[in-house]
Every structure is written in C-alpha cells, then in structure tokens.
Amino acid sequence: MADVIPDIIVIGGGAAGLAAAVTAKARGARVLLLERNEKLGKKLYITGKGRCNVCNLCTPEEFLRSVPRNPRFLHAALAHLTPEMLREWLRDMGCPTVVERGTRVYPESQKASDVTRAFAQRLSPGDVRLHARVASLDVEGGQVRGVRMENGGTLAAAKVIVATGGKSYPLTGSDGDGYRLAAEAGHTVTPLFPSLTGLETAEDWPKRLQGLSLRDVALEAQWPGKGRFREQGELLLTHFGISGPLTLKLSSYLSGTDLAQVQVWLDLKPALDEETLRARLNRDSAEKGRKRLATLLLEYMPASLAAEFAALAGVDGETRAGQLTGAQRQRLVATLKAIPLRVTRLRPFPEAVVTRGGVEVREVNPSTMESLLVRGLYFAGEVLDVDALTGGFNLQIAFSTGALAGAAAAGGKE
C-alpha cells in the first residue's frame, strides 16, 4: 500500500501514463502510477524499431489529416502539448531530439529507452508500483473512488486516469484490459480491430516472393462509401501477402471495413503513365526483339518478380519480345500499372502497431479527457477510440492526451 493516499492513480506506465503522471506531479498532485509489467514503458522500447519516433513536426492540419479516426476529438490535447512543446519537454528532461526524414522526431541518442528514462526520473520510487494489476475501478454514485487490485487490496483516490494502451503487441502488457475497465464503469467500447499491420492476400505470388522489397511503387485501393487510397513508397512481399510502410498505412483505412468490398492494386511504375510505358515497351520489343519476354522484364523490375510477372499478365514468358502482339503488350502495360490484389484479412493484434476502436470519445470531455459518465475518471492514449498513421502521430496522441489528462486531474494544484 502507498504510504500516503494519492490524489491521482494512473493505470499504465506507457507513453500516455508517464505523461499523465509526470504532468500531475509537476502540478503538485500526489501521484501513484500502477504498471503491470516489471518496468515502465515496455511498449515504448520497441517503437520506431527501438529508436522511438516520438512525434512529427508537421502542421496541425497535416497532423489531423493523419488521424483517420476521430481527429476533431484531439484539438484540445494537441494544443495543450504540441510536437514543439513535446520536444522542449524532452530536452528539459535530458533527452534532446533530432528531426529526420523530413518531419519525424527521434531521441538524439537513437535509443527509445532514453525517452522512458527521461519521464521515469521525474517520478520517485514511491510514485510507481510495478507488477501491479488492477482488477476493477471502484465507482460509487457516479464518482470514482479508486481501484481494486487483483491481489484483493483497494487503493483510494479521487481521480483515476486509465492509460492502459490497446490490444496491439500484447506481449508488452497491452492486452486490452483497459477496455474492460471502461465498460464495467459504464462506457461504450467501440469494436476493436488491429491497425497499422500487414495484409493477407488471396494471391500466392507475393508469398513465393517473400522478403522482396519494392521501392517507389504505389498502392491503390477503393471501397464503398467513396473510400479511396493511393500512396507511393515502399512495399514488402511476405509469407502472408504484403507489408511495409505503404501496407501499414493502407491498413489504417481498411481496419474495420468489409474486406470483400475492397479493391486493391499495385502500381509498379507510378512515375510513368500507360502511354509512356506503352511507347517504351513498343520500342524495346522492336529493338530487342530476340530477347525472351522473361529476360526483357529484368529491365523493368527485380529478377524474382520478373519471373512471376508474365504469368500475372497472362503472357508466356518464353515469347520473343519481337513476337508480342499489340494485345499482349497492352496486357503487360496494364498489369505494370495495376496488379490486382485481394485482401482477405488484416494481420492480428500481436503484429499490429495500434488498435482501431476503443472508449467512445463522445463519452469523454475532449478539453480534459475526463469521463462524461463518471466524475474523476479520465482516459488517455490508445485506450481511446483514436488512432493515426505511422510517423510519430500515435505517440504524440498518447503524450498529448496523457499530459492533458494529468493536468486536468491535478486541477488547480501548481
């Protein structure tokens, strides 16, 4: 048991929970951070491939365009802690950052552990309890009273912040327990789906080429309700279908949709239109007519893909380039610009970066992160029904909503 009854209990020691606890303590509140794992920030350690892409220095408008789910809910949180303010906060805590790849921000040390350490050192040992599992929230008369622990004990507090994460990467401790706590307190939890994850395809050819990375290609998709996606970048072929940056981004839009209604195409030559490609293929067929098609295709794509491509276009790879008919050349060009892919499933939560769905944001005050149903109960981070694309946006959401919840829960304490 804590020596002193805390003003605020924070459940979860990830990005949102750490931001909430440090903010509340800085405002004079007595804080107790409960973390079920053996250390704080366990999921933070694996973000950005261990480097931790903490935020993105894009404009507020660009940021919100990178949030497919409930972006307007985040206006107050992002104003409370902007990306620039987060960088300054980290710098003041001894973790300076650098800007890479345009607008992505990483710790200068390139170590995610330094981000966790920066926050953790602002908390005293008495502020944190590890291996602490919460069984339920203690709610009475529409007011939170504290939490009940799995070991049978009860911890009292007038304010509780739920920052337990989602269901993605459950080995880090985020197994979706926060959704249960919210539901038991009377909150609506919207359907949960993996997001920012790989896509399984009905086609076998990507699986035969697993490990092949395709750069400067485009992925395009359409689905009912005027849904449309087209982005250029890098795509990875895998044992289940497709992954890589382009695929993860598309999955954020497809998560929760009826995949049977989704059409997806891979454009191998997004920088060239069909007319330009047709002229090039016609010229190559005339000038290199003795080459087998399978050999000619090596000038258009990696060798392993070239071995599969002719069949995808319905043309015999043994055909001499000079013997290709006009119809065959047209099929080759059309396939270069749009290889169809049938997505059958998103990869599961253990492989997903974030969770789509969560605590219904219409039941949470966006200006404070406080529940509109239970006084003194706050939510922050991935447990909320808000998720974004890759690039530091999801961590920024966690830090911003956590900081806002911590500040609001601490109230007038300074």
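Here we summarise the structure given alongside this text. Not measured: the values here are computed from a predicted model.

### Description of the packing of helix α1 (residues 15–26) against helix α13 (residues 393–410)
Viewed as axis vectors pointing N to C, α1 and α13 meet at an angle of 35°, and their least axial separation amounts to 7 Å. In this structure, α1 meets α13 at a crossing whose hand is right-handed. Facing A15, A16, A19, A20, T23 and A24 of α1, the residues of α13 in contact are L395, A398, F399, G402, A403, G406, A407 and A410. Taken together, the residues of the contact of α1 with α13 break down into 11 nonpolar, three polar and no charged.

### Considerations on the sheet that holds strand β9 (residues 154–156)
Spatially, β7-β8-β9 is the arrangement adopted by the three strands of the open sheet, whose pairing is antiparallel. The sheet terminates laterally at β7 (134–140) and β9, the two strands that pair on one side only. The sheet shows a mean angle of 30° between the axes of neighbouring strands, taken without regard to direction.

### Topic: the packing of helix α9 (residues 274–287) against helix α12 (residues 326–337)
Look at α9 against α12: their axes get within 10 Å of each other, and the N-to-C directions meet at 135°. The pairing of α9 with α12 is recorded here as oblique in orientation. Crossing of α9 against α12: the hand is right-handed. On the side of α9, the interface is formed by E274, L277, R278, L281, N282 and S285, while α12 contributes R329, Q330, L332, V333, A334, L336 and K337.

### Brief notes about the sheet that holds strand β2 (residues 31–34)
Strand order in this open sheet of five strands is β6-β2-β1-β10-β20, and the pairing throughout is parallel. Edge strands, defined here as strands with exactly one partner in the open sheet, are β6 (128–129) and β20 (377–379). Pairing analysis gives three bridges linking strand β10 (residues 159–162) to β20, with the strands arranged parallel. Bridge pairing in β20 places I161 opposite Y378.

### Comments concerning the packing of aromatic side chains
Applying the stated criterion to the full structure yields four aromatic pairs. Summarising the aromatic geometry, the rings of F229 and Y253 are spaced 5.7 Å apart at their centres and angled 50° between planes, so their arrangement reads as tilted. Highlighted residues: F229 in strand β14 (residues 227–237) and Y253 in helix α8 (residues 245–254), separated in sequence by 24 residues. Ring-pair connections join several aromatic residues into one group, and the members of that group are W89, F119 and F399. Across from the ring centre of Y106, 3.9 Å away, lies the NZ or CZ of R51, which sits over that ring.

### Section: the layout of surface pockets
A volume near 230 Å³ is recorded for the second largest pocket. Lining of the second largest pocket is provided by V22, T23, A26, R27, H80, L81, M85, W89, R122 and A403. Of all the secondary-structure elements, those providing two or more residues to the lining of the second largest pocket are α1 and α4 (83–92).

### Side note on the nonpolar core
Counting residues in each nonpolar core, the largest one holds 81 residues, and the members touching the most others are F119, V147 and F399. Residue contributions to this core peak at 10 residues, all from α13. Each residue touching F119, except ones within four places of it in the same chain, is listed here: L18, A19, V22, W89, L90, M93 and F399.

### Considering the pattern of salt bridges
Going through the model one piece at a time under the given rule, you end up with 33 salt bridges. The partner of E200 in a salt bridge is R345, with the nearest N and O atoms 2.9 Å apart. Linking E200 in strand β12 (residues 199–201) with R345 in strand β18 (residues 343–346), this pair joins segments that are 145 residues apart in sequence. Here R345 falls in the partly exposed class, since its relative accessible area comes to 41%. As a salt-bridge pair, R362 and E360 come within 3.1 Å of each other at their nearest N and O atoms. Since its relative accessible area comes to 69%, R362 is described here as exposed. The structure contains a network of salt bridges with shared partners spanning E220, R228, R230, D267 and K337.

### Focus: α9
Over its 14 residues, α9 extends 20 Å from the first C-alpha to the last, a length consistent with the 20 Å expected when each residue adds 1.5 Å. Looking at α9, one finds that the buried residues are L277, L281, D284 and S285. Buried residues of α9, seen end-on, are gathered within an arc of 100° and therefore sit on one face of the element. Counted as exposed and oriented over 90 degrees from the buried face of α9: E275, A286 and E287.

### Here we look at the environment of E351
Note that E351 resides in the loop between β18 and β19 (354–356). Given a relative accessible area of 35%, E351 falls into the partly exposed group. In this view, E351 contacts Y169, L196, T197 and F240; residues no more than four positions away in its chain are not counted. Engagement of the side chain of E351 in a polar contact is seen with the side chain of R347, the distance being 2.8 Å.

### Some remarks on unusual backbone geometry
The phi dihedral of C52 falls on the positive side, at around 70°, and the residue is not glycine. As for its placement among the helices and strands, C52 is situated in the loop between β2 and β3 (55–56). On the basis of relative accessibility, which here comes to 0%, the residue C52 falls in the buried class.

Parameters at a glance
Residues numbered from 1 in each chain as written. Predicted model: local features only at pLDDT ≥ 70, side-chain atom pairs only at ≥ 80, totals over all residues. Heavy atoms only, no water. Axes fitted to C-alpha atoms, helices over the stretch in contact; angles between N-to-C directions. Helix = DSSP H or I, 4+ residues; strand = E, 2+ residues; numbered from the N terminus. Left-handed = near helix turned anticlockwise from the far one by under 90°. Contact = heavy atoms within 4.5 Å. Nonpolar A, V, L, I, M, F, W, Y, C, P; charged D, E, K, R; others polar. Pairing = 2+ DSSP bridges. Parallel < 35°, antiparallel > 145°, perpendicular 65-115°, else oblique. Phe/Tyr/Trp six-rings, centres within 6.5 Å; stacked < 30°, edge-to-face > 60°. Lys NZ or Arg CZ within 6 Å of the ring centre and 35° of its normal. 1 Å grid on protein atoms, 1.4 Å probe; cavity = no way out; pocket = protein on both sides within 12 Å on 5 of 7 lines; lining within 4 Å. Points joined across faces, edges and corners; volume = space filled by probe spheres on them. Core = buried A, V, L, I, M, F, W, Y, C linked by side-chain atoms within 4.5 Å. Buried < 20%, exposed > 50% of the residue type's maximum accessible area, 1.4 Å probe, protein only. Salt bridge = Lys/Arg side-chain N within 4 Å of Asp/Glu carboxyl O. Expected span 1.5 Å × (residues − 1). Arc of directions from axis to C-beta. Polar contact = N/O pair within 3.5 Å; in protein donor to acceptor, adjacent residues only side chain to side chain.

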